[in-house]
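As a plain string of letters, each chain reads:
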Amino acid sequence: MSGAPGSGGGEEELERRLVEVLPAKAKGVKDLLQAKGWVDKDCGARGGPKGEGEGGREVVRFVLSGAADARVVGDWDGVLRVVDRACVALKAAKQQQQGDAPSTAGPPADSAGCQGELAPDSFWGCGEVGTLDLSDAALHPTAAARSTALRRCFARGVPVLIRGLPFGDSLRLWASPAHFERTCASSTVAAQVCPQAKIDLAGHRAKNTKGNFSFHEMPLAELVRRCGGDASLAPVVGPGEKYYLRSVPPGRLKAGSHFPSIFPEIAADFPLAAICREVEAPAPRTPPLRYHSSALRITSPSTELWTHYDTLPNLLCQVASSKTCTVWPPAAEPFLYVEGSSSRVDDIHDPDLSLYPRFRQADAMRLEVELEPGCALFIPPLWFHHTLSAPGGCSVAVNIFFADPSAEPLYHGKDFYGNKDLPLGVKAIENAERYVAAPLLRVPQPFRAFYALRAAELVLQRGGARGAPAYCGGKKVAVVTGGTGGIGAEIVKALLSPEAGYHVAVVSRKREAEVPLGAVVRVADLSSGESVRALTESLRREFPGGVDLLVNAAAVCSRARVLTQDGIELQFAVNTLSYHRLILGITSFSSRLPTVVNLASSWARDLDLSDFNYESRKYSGIAAYTASKQADRILTRAWAKRIPGLTINACHPGAVHGTALSGALKLAPESATHTAPQAAALPVQLATAAVTGRYFAGGADAPNDDAQWQDLEEPLMALLDALT
């Protein structure tokens, strides 16, 4: 937070909020908001529509900008309350006021798949494959509860291993070749036969190159016997050959696949309709889904299918034998050497790094899961996946694809297999080549590179992928908390400058937080241990080479005693414990030691480690703040001792007036010593400090060893470690 001695950024106190005002007072409040520049122009600078407020009373609504002080506004005459409300809700209310029905196209605004908003886990990765056990009747007692759990898996957009889906008799029957002999004597299939264990399906190889397999017709029962290792059958193309079937309608390679229609003899074994009912059932806050297609997949043991992505969400239901599935998030695309929908890296276990040097970064983003009989893997759209069937036994699976009806106009009209790129996406890439890349070839260097960077930044920003790891280039990586306002925002601006040359990730509780142009937002609640751990894990995946600079600038001041969900006093949790947690997390995965700058304060006193939660003492917001800042200075020295070679320093950047935190601390205007840009200068200078474990207050050339509290270093670190 900015504005008080040693305060940093603004997200914890300055939030985007909706203000409800009595109609008779609306004009006066509107004039005040406009005079201060506190109305969000994107959501109606002329004020919101009249509507029903709390208790049914008529109100006028305004949306505050990110610079507004919500607590100040809340005290104005005529203001009934300040509420959290997304701008989209206000826009919908405007449409209703004007008699227009709000748009229902696409999923709800708060769903993971909402248009225009990128759910980070679905794009950057999620650290681990999720799990869902639908057989747990205590958690999912009804069919509606099962459907809701399934739909939420799909809406989140990350891979999930699912147990408890209805597989019927297929688990018992399909493990036996004899069952296929009895029931499928007349079914003939066109199987792909390959002399080696890696099958480079069409689309999995470069254009105009011949595949390493050939199609051969045979009875389905014979294919199952061959995949099961029946030595009585002569090879088709040669010893050690592998077999693969992805079912398609007979004689129609370019038609949709519907497993029960293609194999009616065994359709009753696998209750496809029951699974589809569970997935398609409506559920709150999830986008609609409908069945698209299904395919029977039969594979020889120890056979690999090359890495690729699909554009439709799908369930890979493993019935017989097992397989290893490796998945990568969409953000790994630059490292997988993708052409079309598939990776050109032919061996993900032992890649030729002389040909594919960027694959090292993809390795840090990969997730693996063992898919056993009776389990299904949910594979989200655009997630790259690779499968390796287990040695011994014929692998049999049913792959079910679904589509979002509201997005149907975006899909390719002839996408029979769920893997054709969206036509608009293909057109965008073609236009980038035609209208951006080609004209730049006529521009001399360094102008070509300069305008290429500007064009790339524009495209990444509009696409919501700004900060994608492939485009950090050779820049150093900085992570800044409290960087959405005040001193914190000025620190971010300075680090983004060409002189500093950082790629900056700003930690905020809100994904839509306003940050300086060029920075990216990474979402976390710093008061929550679980959220901070999730943040560090996502940073590890996003920046596999490590983080160069951590600036802990977030701070809060609460007049009342507030406990976090972890049961820790709020100021101690955010102002001190989050610093410790982030240092611990980032140093644990970075291949190089980061530089750490902690924004502390000259207001440093009242720390009582025996009662940091204020359970025995009378609570004072000011005392809790100064105690947290004292702890920041102590932990800085302690961390410098804990990790030899770590550069970590604390500083008092100066007192800045006119912000929420300075108001909470009752900082008088005449007490201000700096503007926010002036206060940011010292922390930025410390990013290149040559000393460690020091406290700076009078400038970068005036370090203090802060040894007066050295007896508290070990007890404080023990407490912080225990709370982490």
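Residues numbered from 1 in each chain as written. Predicted model: local features only at pLDDT ≥ 70, side-chain atom pairs only at ≥ 80, totals over all residues. Heavy atoms only, no water.

### Side note on the overall build of the protein chain
1) Next: The helix and strand inventory of the protein chain stands at 21 helices and 28 strands.
2) Next: Residue burial in the protein chain is summarised as follows: out of 724 residues, 53% are buried.
3) Next: When contacts within the protein chain are restricted to residue pairs at least 6 apart in sequence, long-range pairs at least 24 apart make up 76% of them.
4) Next: Accessible area for the protein chain stands at about 31,500 Å²; split by element, carbon and sulfur atoms hold 53% of it. (Helix = DSSP H or I, 4+ residues; strand = E, 2+ residues; numbered from the N terminus. Buried < 20%, exposed > 50% of the residue type's maximum accessible area, 1.4 Å probe, protein only. Contact = heavy atoms within 4.5 Å. Areas by Shrake-Rupley, 256 points an atom, 1.4 Å probe, with all protein chains shown as cover.)

### Some remarks on helix H13 (residues 423-440)
1) Next: Taking 1.5 Å per residue, 18 residues should reach 26 Å; H13 reaches 25 Å between its end C-alpha atoms and fits that length.
2) Next: Along its length, H13 shows its largest kink, about 30°, at Glu 433. (Expected span 1.5 Å × (residues − 1). Bend = angle between axes of the 7 residues up to and from the residue.)

### Details of the sheet that holds strand S9 (residues 214-219)
1) Next: Reading across the sheet, the nine strands line up as S5-S6-S18-S13-S20-S11-S10-S7-S9 and stay open at both edges, with mixed pairing between neighbours. Bordering the open sheet on either side are strand S5 (130-133) and S9, each of which pairs with just one other strand. Pairwise comparison of adjacent strand axes, ignoring direction, gives a mean angle of 25° for this sheet.
2) Next: In terms of strand pairing, strand S11 (residues 290-299) meets strand S20 (residues 395-403) through nine bridges, oriented antiparallel. Its bridge partner lying in S20, Arg 297 is registered against Ala 397.
3) Next: This element, helix H8 (residues 220-227), spans strand S7 (188-194), S9, strand S10 (242-246) and S11 of the sheet and lies at about 110° to S9. (Pairing = 2+ DSSP bridges. Axes fitted to C-alpha atoms, helices over the stretch in contact; angles between N-to-C directions.)

### Topic: the sheet that holds strand S24 (residues 549-552)
1) Next: Strand order across the open sheet formed by eight strands is S23-S22-S21-S24-S25-S26-S27-S28, with mixed pairing between neighbours. Each of the sheet's edge strands pairs with one partner strand only, and the pair in question is strand S23 (520-523) and strand S28 (703-704).
2) Next: Looking at chain direction, S24 and strand S25 (residues 595-599) are connected through four bridges and run parallel. Within S25, the position partnered with Asn 552 by the bridge is Asn 598.
3) Next: Across the sheet, helix H17 (residues 570-589) touches strand S21 (476-481), S24, S25 and strand S26 (647-651), and the angle it forms with S24 is around 170°.
4) Next: Sheet strands touched by helix H18 (residues 621-642): S25, S26 and strand S27 (695-696). Its angle to S26, the strand with the most contacts, is close to 160°.

### Some details on the packing of aromatic side chains
1) Next: On inspection of all chains with the given rule, the structure shows 14 aromatic pairs.
2) Next: Ring plane angle 70° and centroid distance 5.5 Å describe the contact between Phe 167 and Phe 270, whose orientation is recorded as edge-to-face. Of this pair, Phe 167 sits in the loop between strand S6 (160-163) and helix H6 (170-173) while Phe 270 sits in the loop between helix H10 (264-267) and helix H11 (272-280), placing them 103 residues apart in sequence.
3) Next: Judged by relative accessible area, Phe 270 falls into the buried class, the value being 1%.
4) Next: Ring plane angle 80° and centroid distance 6.3 Å describe the contact between Phe 259 and Phe 270, whose orientation is recorded as edge-to-face. Pair noted here: Phe 259 is in helix H9 (residues 259-262) and Phe 270 is in the loop between H10 and H11, with a separation of eleven residues, a long-range link. In terms of burial, Phe 259 and Phe 270 fall into one category: buried.
5) Next: Counting every residue linked through ring pairs, the aromatic cluster contains Phe 167, Trp 174, Phe 180, Phe 259, Phe 263 and Phe 270.
6) Next: Sitting over the face of the ring of Tyr 695, Arg 633 holds its NZ or CZ atom 3.6 Å from the ring centroid.
7) Next: Over the aromatic face of Trp 639 sits the side chain of Arg 642, whose NZ or CZ is 4.9 Å from the ring centroid. (Phe/Tyr/Trp six-rings, centres within 6.5 Å; stacked < 30°, edge-to-face > 60°. Lys NZ or Arg CZ within 6 Å of the ring centre and 35° of its normal.)

### Overview of the packing of H18 against helix H21 (residues 713-723)
1) Next: Two elements in contact, H18 and H21, have axes whose closest approach is 9 Å; the angle formed by their N-to-C orientations is 90°. Regarding the angle of H18 to H21, the classification is roughly perpendicular. Two secondary-structure elements touch here, H18 through Ala 631, Ile 634, Leu 635, Arg 637, Ala 638, Trp 639, Lys 641 and Arg 642 and H21 through Glu 713, Leu 716, Met 717, Leu 720 and Asp 721.
2) Next: For the contact of H18 with H21, the residue count by class is eight nonpolar, no polar and five charged. (Parallel < 35°, antiparallel > 145°, perpendicular 65-115°, else oblique. Nonpolar A, V, L, I, M, F, W, Y, C, P; charged D, E, K, R; others polar.)

### Some words on the side chain of Thr 299
1) Next: The residue Thr 299 is located in strand S11 in this model.
2) Next: Overall, Thr 299 belongs to the buried group, its relative accessible area being 6%.
3) Next: Dropping the residues within four chain positions of it, Thr 299 is found in contact with Cys 227, Tyr 243, Tyr 244, Ser 389, Cys 394 and Ser 395.

### Remarks on the confidence of the model for the protein chain
1) Next: Of all residues in the protein chain, 82% attain a pLDDT of 70 or more, and the chain-wide mean is 82.
2) Next: Here residues 1-7 is a poorly scored stretch, pLDDT under 50, and it has 60 contacts once near neighbours within four places are set aside; other chains count.
3) Next: Segment residues 9-16 is flagged for pLDDT under 50; beyond a separation of four residues in sequence, or across chains, it makes 43 contacts in the model. (pLDDT = per-residue confidence, 0-100.)

### Let's talk about a nonpolar patch on the surface
1) Next: On the surface, Leu 410, Leu 422 and Leu 424 cluster together into a nonpolar patch covering about 250 Å² of accessible area.
2) Next: Of note, Leu 424 is situated in helix H13. (Patch = residues over 30% accessible without salt bridge, like charges linked within 9 Å, V, L, I, M, F, W, Y side chains within 5 Å. Salt bridge = Lys/Arg side-chain N within 4 Å of Asp/Glu carboxyl O.)

### Comments concerning the packing of helix H16 (residues 529-542) against H17
1) Next: Contact pair H16 / H17: the axes reach a minimum separation of 10 Å and the direction vectors enclose 25°. The pairing of H16 with H17 is recorded here as roughly parallel in orientation. Viewed along their axes, H16 and H17 form a crossing whose handedness is right-handed. Within the contact between the two elements, H16 uses Gly 529, Val 532, Leu 535, Thr 536, Leu 539 and Arg 540 and H17 uses Arg 581, Leu 582, Gly 585, Ile 586 and Phe 589.
2) Next: The residue inventory of the contact of H16 with H17, partitioned by class, reads six nonpolar, three polar and two charged. (Left-handed = near helix turned anticlockwise from the far one by under 90°.)

### Observations regarding unusual backbone geometry
Negative phi values dominate among residues other than glycine, just as trans dominates among peptide bonds.
1) Next: For the peptide bond that leads from Gln 445 to Pro 446, omega is 5°, which places it in the cis range.
2) Next: Mapping Pro 446 onto the fold places it in the loop between H13 and helix H14 (447-463).
3) Next: Not every positive phi belongs to a glycine, and Ser 321 is a case in point at roughly 60°.
4) Next: Secondary-structure assignment places Ser 321 in the loop between strand S13 (314-320) and strand S14 (323-328).
5) Next: The backbone phi angle of Tyr 614 is positive, close to 55°, even though this residue is not glycine.
6) Next: Inspection of the secondary structure puts Tyr 614 in the loop between S25 and H18.

### So, the nonpolar core
As a rule of thumb, soluble globular proteins bury nonpolar side chains together.
1) Next: Judged by nonpolar contacts, the single largest core of 64 residues is most densely connected at Trp 174, Phe 270 and Leu 315.
2) Next: When residues no more than four places from it in sequence are discounted, the contact partners of Trp 174 are His 179, Phe 180, Phe 259, Ile 266, Asp 269, Phe 270, Leu 296, Val 319, Ala 320, Val 396 and Val 398. (Core = buried A, V, L, I, M, F, W, Y, C linked by side-chain atoms within 4.5 Å.)

### Some points on empty space enclosed by the protein
1) Next: Scanning the model with the defined rule gives two cavities of 30 Å³ or more in all.
2) Next: By volume, the largest cavity amounts to about 180 Å³.
3) Next: Taken together, 17 residues make up the lining of the largest cavity; nearest its centre are Tyr 244, Arg 297, Leu 305, Leu 316 and Thr 387.
4) Next: Looking at the lining of the largest cavity, the element that brings in the most residues is strand S19 (residues 384-389), giving four residues.
5) Next: Lining the second largest cavity are Glu 569, Phe 572, Asp 606, Leu 607, Asp 608, Phe 612, Tyr 614, Arg 617, Ala 624, Ala 627 and Ser 628. (1 Å grid on protein atoms, 1.4 Å probe; cavity = no way out; pocket = protein on both sides within 12 Å on 5 of 7 lines; lining within 4 Å. Points joined across faces, edges and corners; volume = space filled by probe spheres on them.)

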